[in-house]
Amino acid sequence: KNQVEQSPQSLIILEGKNCTLQCNYTVSPFSNLRWYKQDTGRGPVSLTIMTFSENTKSNGRYTATLDADTKQSSLHITASQLSDSASYICVVSDRGSTLGRLYFGRGTQLTVWP
Amino acid sequence: EADIYQTPRYLVIGTGKKITLECSQTMGHDKMYWYQQDPGMELHLIHYSYGVNSTEKGDLSSESTVSRIRTEHFPLTLESARPSHTSQYLCASSDPGQGKLAGARKETQYFGPGTRLLVL
């Protein structure tokens, strides 16, 4: 069964600290993996997208890594800011159809305290 | 900021009412999607469209219907709202993406702000 599991479910850190969010998936055949940021009451916004040939992708203070062999990805946030408080969603796409079926994780709820 | 809009943002309505959730995008995207998301849960695809006059049901069974008469417009309709329809509804559209490596496509979805629906 194709699944996307994220951990931790929630995380609280202090402003300025770093953190790493995890994503494990069983989706096959794999096409690409995306990380989205979803602010409360808003739609998700894409942070990074990686295919199987890419090991790392950065977007400002966000760095995503991908290990296609172990089917794991991580999102590292450096020098966190209050505005980083949001839900971070891992989304994996398969290669089975033109649509590129998307499998969503439940997200990690990150709270950054001052 | 993506140019995709949803109205209303919030809706409280009584059981049995007919409602239409609006979604519009000005990016000229052919593909559009409707997702349902409950708090703390993953997004579930309920409808999608590849272009004008093309609509398909998604993975999650839904009593809603959609139409795609114009490229930029993808409304979702509930003929008779029920409390079980209470949820957040997210509309998205996607560009074809850049790069096509061995079948992998970097298609990016742009999401609207969502409509929070409460059916009493």
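See the structure printed just above.
Thresholds, definitions, all that
- Residues numbered from 1 in each chain as written.
- Chains lettered and ligands numbered in written order.
- Predicted model: local features only at pLDDT ≥ 70, side-chain atom pairs only at ≥ 80, totals over all residues.
- Heavy atoms only, no water.
- Contact = heavy atoms within 4.5 Å.
- Buried area = accessible area lost by both parts, 1.4 Å probe.
- Salt bridge = Lys/Arg side-chain N within 4 Å of Asp/Glu carboxyl O.
- Polar contact = N/O pair within 3.5 Å; in protein donor to acceptor, adjacent residues only side chain to side chain.
- Helix = DSSP H or I, 4+ residues; strand = E, 2+ residues; numbered from the N terminus.
- Core = buried A, V, L, I, M, F, W, Y, C linked by side-chain atoms within 4.5 Å.
- Buried < 20%, exposed > 50% of the residue type's maximum accessible area, 1.4 Å probe, protein only.

Looking at the interface of chain B and chain A
Of the residues lining the interface, 29 residues belong to chain B; the matching set on chain A comes to 25 residues. Both sides together, the interface formed by chain B and chain A hides about 2,200 Å², and carbon and sulfur atoms give 53% of it. Scanning the region where chain B abuts chain A turns up one salt bridge. Counting every contact that joins chain B to chain A gives four residue pairs in polar contact (both at pLDDT 80 or more). Every element with two or more residues in the side of chain B that touches chain A is listed here: β4 (31–37), β5 (44–51), β9 (87–94), β11 (104–105) and β12 (109–111) of chain B. The element that contributes the greatest number of residues to the side of chain B that touches chain A is β4(B), accounting for four residues.

Things to note about the nonpolar core
Val4(A), Tyr25(A), Leu33(A), Trp35(A), Leu75(A), Tyr88(A) and Val92(A) are the most contacted members of the largest nonpolar core, which totals 24 residues. Excluding its chain neighbours within four sequence positions, the residues that come into contact with Tyr88(A) are Gln6(A), Leu21(A), Trp35(A), Tyr36(A), Lys37(A), Leu47(A), Tyr62(A), Leu75(A), Ile77(A), Gly107(A), Thr108(A) and Leu110(A). Core analysis: the second largest hydrophobic core is formed by 17 residues, Trp34(B), Ile46(B), Val66(B) and Ala81(B) among them.

So yeah, pure geometry; function would need other evidence.
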